[in-house]
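# Descriptive structure summary
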Amino acid sequence: VLQQAYWLRSIGEAQMGLGNMDSAHEQFRKAVLILKHPSPVTNMGIIFGVVSQWFIQGLHRRFPGIFIGRLKDKDKELQEAAQTFTHLGYVNYIKLESLPMLYHVFKSLNISEDGGSLSPARVWALGTASAILGFIPYHSLAKQYAEEALRASAQVDNPRSQMWTHIAVGTYKLGIAEWDNSRTSLLK
């Protein structure tokens, strides 16, 4: 199952690289379905999903000792699903689909934290959450996510997630006129 999900994600990444976002989206959805983490398809499902993922993330922030790493025995599977959800969020971003993007970002962050390891998907999701919360605007929380994203990025040896995190945090800092911090992050 894990290998099949990885192959589907890889096919989706190739489609994404070719600019075939609809095909990429389909492959990513199949991958998370195989891993038993289906992505909602209806508007009501997406709205309910956003609310539930936001609630779960609140529990993770409030009680990290209970929730972060609680499913360590399934970490590899959860990190694979989280990585695929980051790609779904990116496809939503390109297609200007705000609510599905919000769902996929927080779903990625939540299941990555459930597994416990500090993965590229978790780094990406933290940075993206910072930018999203900055645009809402919910600045106190956005700053917390930005700081956590930059700390996590320094610990994960994955240039792609590090780059995305610095772009997301730099963009957020630009939006709140923290010019020097924005410049530093964007230059990295």
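Keep in mind it's a predicted model, so treat the numbers as computed, not measured. (Residues numbered from 1 in each chain as written. Predicted model: local features only at pLDDT ≥ 70, side-chain atom pairs only at ≥ 80, totals over all residues. Heavy atoms only, no water.)

### Some thoughts on a nonpolar patch on the surface
Definition in use: Put simply, a patch holds well-exposed residues, over 30% relative accessible area, that have no salt bridge, with like charges counted together within 9 Å and Val, Leu, Ile, Met, Phe, Trp or Tyr side chains within 5 Å. Note that accessible areas follow from Shrake-Rupley with a 1.4 Å probe, and for residues the cover is restricted to the protein chains shown. In the sections that follow, a salt bridge refers to a side-chain nitrogen of Lys or Arg positioned within 4 Å of a carboxyl oxygen of Asp or Glu. The secondary structure listing takes helices from DSSP runs of H or I that are at least 4 residues long and strands from runs of E that are at least 2 residues long, numbered from the N terminus. The rule is simple: take the accessible area with a 1.4 Å probe, protein chains only, and divide by the maximum for that residue type; under 20% is buried, over 50% is exposed, in between is partly exposed.
Among the surface-exposed residues, M163, I167, L174, W179 and L186 lie close enough to one another that they form a single nonpolar patch of about 500 Å² accessible area. Counting only elements with at least two residues in the nonpolar patch, the list comes to helix 9 (159–175) and helix 10 (179–187). It is helix 9 that provides the largest number of residues to the nonpolar patch, a total of 3 residues. You can call I167 partly exposed: its relative accessible area is 36%.

### What about the pattern of salt bridges?
Following the criterion strictly, the structure yields 10 salt bridges and no others. The partner of D114 in a salt bridge is R70, and the shortest N-O contact between them spans 3.3 Å. Here R70 lies in the loop between helix 4 (64–67) and helix 5 (75–94) and D114 lies in helix 6 (residues 98–115), a separation of 44 residues in the sequence. On the accessibility criterion, R70 (46% relative accessible area) is partly exposed.

### Things to note about the packing of aromatic side chains
Put simply, the rule reads: Aromatic pairing here means that ring centres of Phe, Tyr or Trp (its six-membered ring) are within 6.5 Å. Orientation follows from the plane angle: under 30 degrees is stacked, over 60 is edge-to-face, and everything else is tilted.
In total, this model carries 7 aromatic pairs according to the counting rule given. The interplanar angle of 80 degrees and the centroid separation of 6.4 Å between the aromatic rings of F85 and Y103 together place this pair among those described as edge-to-face. Of this pair, F85 sits in helix 5 while Y103 sits in helix 6, and the two are 18 residues apart along the sequence. Overall, Y103 belongs to the buried group, its relative accessible area being 5%. Grouping aromatic residues by their ring pairs yields a cluster made of Y90, Y93, W124 and W164.

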